[in-house]
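Coordinates in review
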Amino acid sequence: MKKPMIALTPLVDRERHSFWMLPGYMDGIREAGGIPVMLPLDEDPATAARLAEVCDGFLFTGGDDVEPARYGAQTDPHTSCYSARDRMEEALWQAVLPRRKPVLGICRGIQLMNVLLGGTLYQDLETQYPSPVCHHQQPPYDRPVHSVRLLHGTPLQELLGDDQLRVNSYHHQAIHSLAPDLLPMAVSEDGLIEGVYHRRYPFLWGVQWHPEYSCHTDPVSRKMFRAFVAAAM
Ligand code: MN
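Throughout what follows, the structure given in this document is the object of discussion. Note that the coordinates shown come from a computational prediction; the quantities given were computed from them, not determined experimentally. (Residues numbered from 1 in each chain as written. Predicted model: local features only at pLDDT ≥ 70, side-chain atom pairs only at ≥ 80, totals over all residues. Heavy atoms only, no water.)

Bringing the side chain of Ser221 into the picture now. Mapped onto the fold, Ser221 is located in helix α8 (residues 219-231). Overall, Ser221 belongs to the buried group, its relative accessible area being 2%. Each residue touching Ser221, except ones within four places of it in the same chain, is listed here: Pro211, Ser214 and Cys215. (Helix = DSSP H or I, 4+ residues; strand = E, 2+ residues; numbered from the N terminus. Buried < 20%, exposed > 50% of the residue type's maximum accessible area, 1.4 Å probe, protein only. Contact = heavy atoms within 4.5 Å.)

Right, here's the structure in full:
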């Protein structure tokens, strides 16, 4: 069978004027049988359309915060965004969705998909959602620090056959109001929606935790990458 080509949205290091990639995103996809390809930071709709046509699956990676104006909010002092990436990913999103190709969002990725589908975000959990649960862990990042409850009958719960999952956590924002087309599939101990999927789309999943940091040590992270890549075959 032909190996699916999985597009990764680029990580941006503005201080070094660089694009970069965490090896875990690529390793997770390669281990699952896909070919990871990092995309350019290009917001041209013609580029997005061509990429959406050529690639088989789309991984929206972690990174800067989504611009709050996109969900009708003022920018909080704790929010740090980079609108060029928002624009590039929105163009890609618009091109991919009509083609019904598999989409996975991780960290910023789940937040972005919620915003693009009409939901809102907590801009800073520490100040807006105080909780004893640690969402912003110290390294090593492959270490689980909190649990999520997997909702019955959701794709992730069915994939894993379990109702509970221990996850790593490295985020300061999270979903506030859920977009109408998304359904929750994982909820943290303190009630945050940390996993979602689309009501009607063939494969559109988002997770707030980081399987790319734990794909070498955690079989569940590898299962998630495999489900995504298999959907793109
Ligand atoms: Mn968390």
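That was the structure; now back to the text.
Take the sheet that holds strand β11 (residues 182-188) next. Across the sheet, 9 strands lie side by side as β4-β1-β5-β6-β13-β12-β11-β8-β9; this open sheet has mixed pairing. The sheet is open, and its two borders are formed by β4 (35-38) and β9 (164-167), each paired with just one other strand. On average, each strand axis in the sheet is tilted by 25° relative to the strand beside it, whichever way the strands run. Here helix α3 (residues 83-96) sits on the sheet and contacts β5 (57-60), β6 (103-106) and β13 (204-207); the angle it forms with β5, its principal contact strand, is near 150°. (Pairing = 2+ DSSP bridges. Axes fitted to C-alpha atoms, helices over the stretch in contact; angles between N-to-C directions.)

Before going further, it helps to spend a moment on the coordination of the manganese ion. Around the manganese ion, the protein supplies His135 (ND1), His146 (NE2), Ser169 (OG), His171 (NE2) and Glu194 (OE) as donor atoms, at distances of 2.2 to 2.3 Å. For the manganese ion, the donor residues sit on a single chain with the sequence spacing H-x10-H-x22-S-x1-H-x22-E. Taken together, the residues His171 in the loop between β9 and β10 (174-175) and Glu194 in strand β12 (residues 193-198) connect sequence positions 23 residues apart. We note that His171, like Glu194, is buried. (Donors = N, O, S within 2.8 Å, 3.2 Å for Na, K, Ca; no water.)

Relative orientation and spacing of two packed helices are given, respectively, by the angle between their axes and the distance between those axes. Orientation of α3 relative to helix α4 (residues 108-116), taken along the N-to-C sense of each, is 65°, at an axis distance of 11 Å. Accordingly, the angle class assigned to the pair α3 and α4 is roughly perpendicular. For the element pair α3 and α4, the recorded crossing hand is right-handed. Contacts between α3 and α4 involve Arg85, Asp86, Glu89, Glu90 and Trp93 from the first element and Arg108, Leu112, Met113 and Leu116 from the second. Partitioned by chemical class, the residues of the contact of α3 with α4 number 4 nonpolar, no polar and 5 charged. (Parallel < 35°, antiparallel > 145°, perpendicular 65-115°, else oblique. Left-handed = near helix turned anticlockwise from the far one by under 90°. Nonpolar A, V, L, I, M, F, W, Y, C, P; charged D, E, K, R; others polar.)

Turning to the pairing of strand β8 (residues 146-150), a few remarks are in order. Regular strands place their side chains on alternate faces of the sheet. Along β8, 4 of the 5 residues are buried, which leaves the element largely enclosed by surrounding structure. As judged from the 4 bridges shared by β8 and β9, these two strands associate in the antiparallel manner. Each bridged residue has a counterpart across the sheet, and for Val148 the counterpart in β9 is Leu165. Where β8 meets β11, 3 bridges bridge the pair, whose relative direction is antiparallel. Each residue of the ladder has a partner; that of Val148, found in β11, is Ser188.

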